Amino acid sequence: VFASCSVDTTVRIWDGRRKQGSALSVVASDTDVNVISWNRRVPYLLASGDDAGNFRVWDLRGFREGCQPVASFAWHSAAITSVEWHPEQPSVIAASAADHQVTIWDMSLERDAEAEAEMVSEGLPVPEIPPQLIFIHQGQKDIKEMHWHPQCPGVMASTAANGFNVFKTINSA
């Protein structure tokens, strides 16, 4: 079994034993779907990134025509160029985009309504940053790809038109 994404806006799941066509297909975006990443720790989670700067997380247990992603993020302002799940932490995913950013997200985090209500009551502004966004790396131009280091927890490398960066993003055991 393997997955593919396409300029036809779909994400497809293929079974090598099937003689013709994909086993499952979902329209995953209104624009080209550029990249996908299968979660190594949670085999039913797949992430996709598109030309509009959105990335989505799909639960393959309910993957069928017309299904909706379990999470969708529209943080980036240009095409997603790479997505990759953290090799050890199943809820953490990174995305890079043509907006010159690498972002790291933790799907296990949720908005804290009580803390936001307290901020409002104290006259403090509530940040417009998604609670799942835990790290932003900037400074490279035209980022094409990023990957987690397979042996050094929390270390990531990214490639771009103006070079490559290796950086430690999060503390991991």
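Thresholds applied
Residues numbered from 1 in each chain as written. Predicted model: local features only at pLDDT ≥ 70, side-chain atom pairs only at ≥ 80, totals over all residues. Heavy atoms only, no water. Helix = DSSP H or I, 4+ residues; strand = E, 2+ residues; numbered from the N terminus. Buried < 20%, exposed > 50% of the residue type's maximum accessible area, 1.4 Å probe, protein only. Contact = heavy atoms within 4.5 Å. Pairing = 2+ DSSP bridges. Axes fitted to C-alpha atoms, helices over the stretch in contact; angles between N-to-C directions. Lys, Arg positive; Asp, Glu negative; His and termini not counted. Salt bridge = Lys/Arg side-chain N within 4 Å of Asp/Glu carboxyl O. Polar contact = N/O pair within 3.5 Å; in protein donor to acceptor, adjacent residues only side chain to side chain. Core = buried A, V, L, I, M, F, W, Y, C linked by side-chain atoms within 4.5 Å.

**Here's the deal with the side chain of Q132**
Note that Q132 resides in the loop between α1 (113-121) and β11 (133-138). Judged by its relative accessible area of 15%, Q132 falls in the buried class. The contacts of Q132, once residues within four sequence positions are left out, are F73, I104, W105, D106, M107, L109 and E110.

**Here we look at the sheet that holds strand β7 (residues 71-73)**
Across the sheet, four strands lie side by side as β4-β5-β6-β7; this open sheet has antiparallel pairing. The sheet is open, and its two edges are formed by β4 (33-38) and β7, each paired on a single side. Along the sheet, successive strands turn relative to each other by an average axial angle of 15°, direction set aside. In the sheet, β4 pairs with strand β5 (residues 45-50) via five bridges, with the strands oriented antiparallel. Bridge assignment links I36 to a residue of β5, and that residue is S48.

**Concerning the side chain of D99**
Here D99 shows up in the loop between β9 (92-97) and β10 (101-106). The buried charged residue D99 lacks any salt bridge partner; its closest oppositely charged side chain belongs to K141, at an N-O distance of 10 Å. A polar contact is formed between the side chain of D99 and the backbone nitrogen of S77, at a distance of 3.0 Å. Side-chain polar atoms of D99 contact the side chain of Q101, separated by 3.3 Å.

**Observations regarding unusual backbone geometry**
The phi dihedral of H100 is positive, around 70°, even though this residue is not glycine. Here H100 is to be found in the loop between β9 and β10. Positive phi is not limited to glycine here, since D142 has a value of about 60°. Position of D142 relative to the elements: it lies in the loop between β11 and β12 (143-148). You can call D142 partly exposed: its relative accessible area is 30%.

**As for the nonpolar core**
Counting residues in each nonpolar core, the largest one holds 16 residues, and the members touching the most others are F55, I80, V83, W85, I93 and W105. Apart from residues no more than four positions distant in its own chain, W105 is found in contact with F55, F73, W75, S91, V92, I93, P130, Q132, L133 and I134.

No statement about biological role is implied by the geometric values presented.
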